[in-house]
Amino acid sequence: MAAILSIDEQIAAMKKAWPRFSARRIDRRAQSARWLGSVRPQYRSYSLEIRYRLGSFPEVRVLSPELIRLPGNSEGELPHVYPPAEDPTLCLFDPRENEWTAALTIASTTVPWALDWLTCYELWLMTGRWTGGGRHAGMESAEATEITQ
Amino acid sequence: MEIDVNVQLAPTGLNPFDDPLDRILAEIALSVQLPPSLHGKAKSRYEAVRRHLEATTAFIDQIDHFYPQGSMAIDATISTRGTDDEYDLDIVSQLGGRFRGMAPLEILTELEAALADYPVQKVLRQTRCVTLFYADKMHLDVTPSLRTYGTFDRESLITHAKGPRRSVDDRFVDMNAYGFAQWYARRTPLEARMAKEFHRRWLDHAGLAARADADVDDVPDQCDFIVKSTATLALQLLKRYRNVRYATYSGRIPPSVMLSYYAGLAAQPNMSLSAMVIRLANWIIRDIEQASLYGRLLHVANPVCEADVFTDRWPESVSQQNEFAGYLRELAHSLEAMRKGEMSPNTMMDILRGNFGDRVVTRAADQIATEVGDDIQQSRQLYTRRGGVLLPSVGAVAAPLVNPSIATARPHTFFGRKI
């Protein structure tokens, strides 16, 4: 089993891969940090915040612009996020599939996945369709597959 | 080893599918393009019209040249104003000595009579041409011309007569469509990378995937239609924008040939498509502003034939040209905001729909959403260190080997809730 990465290792990996992200509120005792950065996956620029504490999943928020809702959309007003509705965090992987572990770098998982999420979100705003696949909580795998095809 | 400097420096153009905004603009252009099936038909139809005319008593041995003019000559054909699937194509029929000395109306009437029994839905004599209306909504304008001797590049006189009776307004009008097409071609040389990708997608759209694999070098042999430069793609978008903006106008609108002239002027290799549309719009805006400042009408003449005035029927007033400049400003400003990443995607869609038409923009976005979503599900995407996502169709697949700023994707499954 791969070794769990320390917060310093996560910070170093982020610095190397994503120069537009900077680490803040580094707490080595709690093994936690927060990164702020700007990205432009496709059409629009976004300001992102990533919070991480060893032992928890990384949390990704879009700080600006505010995420747009599409009332009445079949994917929900805002798909593939964790509540609360007024402060959603992006849901980037299926916990049941072990796609993320503390032995992986945030730089090689969370950031690119957030870019994928934003790309799919933009296309969802443009077409009303979430074409990036995935599964909403409570949905069975077979049902999820139908939606992604 | 010798290095061919010309080859090294030859502009290959930017792939319009590389950049997200250019990609949707290129998809829009693809949607309004003359499709491959109709392109083939157009060519065989104008050859058939020539054969039909040459079999008539009036035109036997009297057709010196029969050649495409306008958008067809420069590969910039798009659907007709107010439609998504009708196309106007133009042919010049350069006539021989029997027609010299005839009045404009006589020539047009002779042409109309020779085509009267042509197997199309309708044959209509117009002011400068005779139009054939085909059942599949293609319209072919046949414009009779008489060569002006002692001039270059097939400079000719074309007929202008409203009919049905002769009028003092009847006249011959100078033109050199052939020379203009040559000028345009010189101004917009082949940008191989851009042309190849666009041509592949054009065939792909028509379900001709096997042919879409052809190398660009093979293309002219297989199919002589190819959008060769980003400037021509920008011209098509600008013409579509004009068609949408003027959809409800009953009078004359800014002429395509005038827009083509500006596309020739603005042409510059290796520019992005959105930047080229903005550059083209701004070029026209500047000329209109300059003319309006002195209370003059915009005057644009054929660069190879001064007497061939492209603006002879539009604009009719300074306010008319100012209105067009206003529309162009709106287009340029909206594209600039999109380029800067300042606009939300749904607002962008609303503006693109308003600019280019609901159906074609919706179709373009749907196409992209399906392709990009599929790429992401298959983890085919790459990332730039600046936080951009590159999709495989952008030709960046080999990039990680040479560019350390690009990272590959790791499979994952979107989860979470609908809120």
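These numbers were taken from a predicted model, which means no experiment stands behind them.

Side note on the overall build of chain B
Secondary structure assignment for chain B yields 15 helices and 12 strands. Within the span of chain B, comprising 419 residues, buried residues form 45% of the whole. At a minimum sequence separation of 6, the contacts of chain B that also span at least 24 residues come to 65%.

Things to note about the confidence of the model for chain B
Residues and elements named next belong to chain B. For chain B, per-residue confidence averages 86 on the pLDDT scale, and 88% of positions sit at 70 or higher. Under a pLDDT of 50 for its full length, residues 1-9 has, in the predicted model, 1 contact with residues more than four places off or in other chains. Taken as a whole, residues 209-223 scores under 50 in pLDDT and shows 15 contacts with residues more than four places along the chain or in a different chain. Confidence estimates for the predicted assembly give a pTM of 0.87 and an ipTM of 0.88.

Regarding the interface of chain B and chain A
In this assembly, 36 residues from chain B lie in contact with 56 residues from chain A. Broken down by secondary-structure element, the contributors of at least two residues to the side of chain B that touches chain A are helix 2 (20-32), helix 13 (345-356) and helix 14 (358-377) of chain B. Each residue belonging to the side of chain B that touches chain A can be placed in one class, and the counts come to 18 nonpolar, 12 polar and 6 charged.

Points about the sheet that holds strand 4 (residues 59-64) of chain A
Residues and elements named next belong to chain A. Strands sit in the order 1-2-3-4 across an open sheet of 4 strands; the sheet is antiparallel. Only two strands of the sheet have a single neighbouring strand rather than two, namely strand 1 (21-27) and strand 4. When strand polarity is set aside, the average angle formed by the axes of neighbouring strands in this sheet is 20°. Relative to strand 4, strand 3 (residues 46-53) runs antiparallel, the two sharing 5 bridges. When the bridges of strand 4 are listed, Leu48 appears paired with Val62. Contacts from helix 2 (residues 110-127) reach strand 2 (32-39), strand 3 and strand 4 within the one sheet, and its direction differs from that of strand 3 by about 140°.

Regarding the packing of helix 13 of chain B against helix 14 of chain B
All names here are of chain B. Between helix 13 and helix 14, the least distance of the axes is 7 Å, while the angle of their chain directions is 135°. Taken as axis vectors, helix 13 and helix 14 run oblique relative to one another. Note on packing geometry: the crossing formed by helix 13 with helix 14 is right-handed. Across from Met349, Leu352, Arg353 and Phe356 in helix 13, the residues of helix 14 making contact are Asp358, Val360, Val361 and Ala365. Split by residue class, the contact of helix 13 with helix 14 holds 6 nonpolar, no polar and 2 charged.

Topic: helix 13 of chain B
All names here are of chain B. Between the first and last C-alpha of helix 13 there are 16 Å, a value that for 12 residues agrees with the 16 Å anticipated at 1.5 Å per step. Along helix 13, the residues that are buried comprise Pro345, Met348, Met349, Leu352, Asn355 and Phe356. One side of helix 13 holds all its buried residues, which, seen down the axis, span an arc of 130°. Looking one or two places after helix 13, you find Gly357, whose phi comes out positive at around 105°.

Considerations on the environment of Ala301(B)
Residue and element names in this part refer to chain B. In this fold, Ala301 is placed in strand 8 (residues 301-302). You can call Ala301 partly exposed: it has 16 C-beta atoms within 10 Å. Along the chain, Ala301 and Tyr261 lie 40 residues apart, while their C-alpha atoms are 8.7 Å from each other. Sequence-distant contacts of Ala301, defined by excluding residues within four places in its chain, comprise Glu306, Asp308, Val309 and Phe310.

Notes on helix 3 (residues 36-54) of chain B
Residues and elements named next belong to chain B. When the terminal C-alpha atoms of helix 3 are compared, their 28 Å separation across 19 residues agrees well with the 27 Å that a helix rising 1.5 Å per residue should span. Leu38, His39, Ala42, Tyr46, Val49 and Leu53 are the residues of helix 3 that are buried. The arc that holds the buried residues of helix 3, viewed along the axis, is 105°, so those residues lie on one side. Across helix 3 from its buried face, at more than 90 degrees, point the exposed residues Ser37, Ser44, Glu47 and Arg51.

Side note on the nonpolar core
Formed by 145 residues in total, the largest nonpolar core has its most connected members in Ala114(A), Ile28(B), Ala234(B), Val277(B) and Leu280(B). A total of 12 residues in this core trace back to one element, the largest contributor, which is helix 2 of chain A.

What counts and how
Residues numbered from 1 in each chain as written. Chains lettered and ligands numbered in written order. Predicted model: local features only at pLDDT ≥ 70, side-chain atom pairs only at ≥ 80, totals over all residues. Helix = DSSP H or I, 4+ residues; strand = E, 2+ residues; numbered from the N terminus. Buried ≥ 20, exposed ≤ 12 C-beta atoms within 10 Å, placed from the backbone. Contact = placed C-beta atoms within 7 Å. pLDDT = per-residue confidence, 0-100. Nonpolar A, V, L, I, M, F, W, Y, C, P; charged D, E, K, R; others polar. Pairing = 2+ DSSP bridges. Axes fitted to C-alpha atoms, helices over the stretch in contact; angles between N-to-C directions. Parallel < 35°, antiparallel > 145°, perpendicular 65-115°, else oblique. Left-handed = near helix turned anticlockwise from the far one by under 90°. Expected span 1.5 Å × (residues − 1). Arc of directions from axis to C-beta. Core = buried A, V, L, I, M, F, W, Y, C linked by C-beta atoms within 7 Å.

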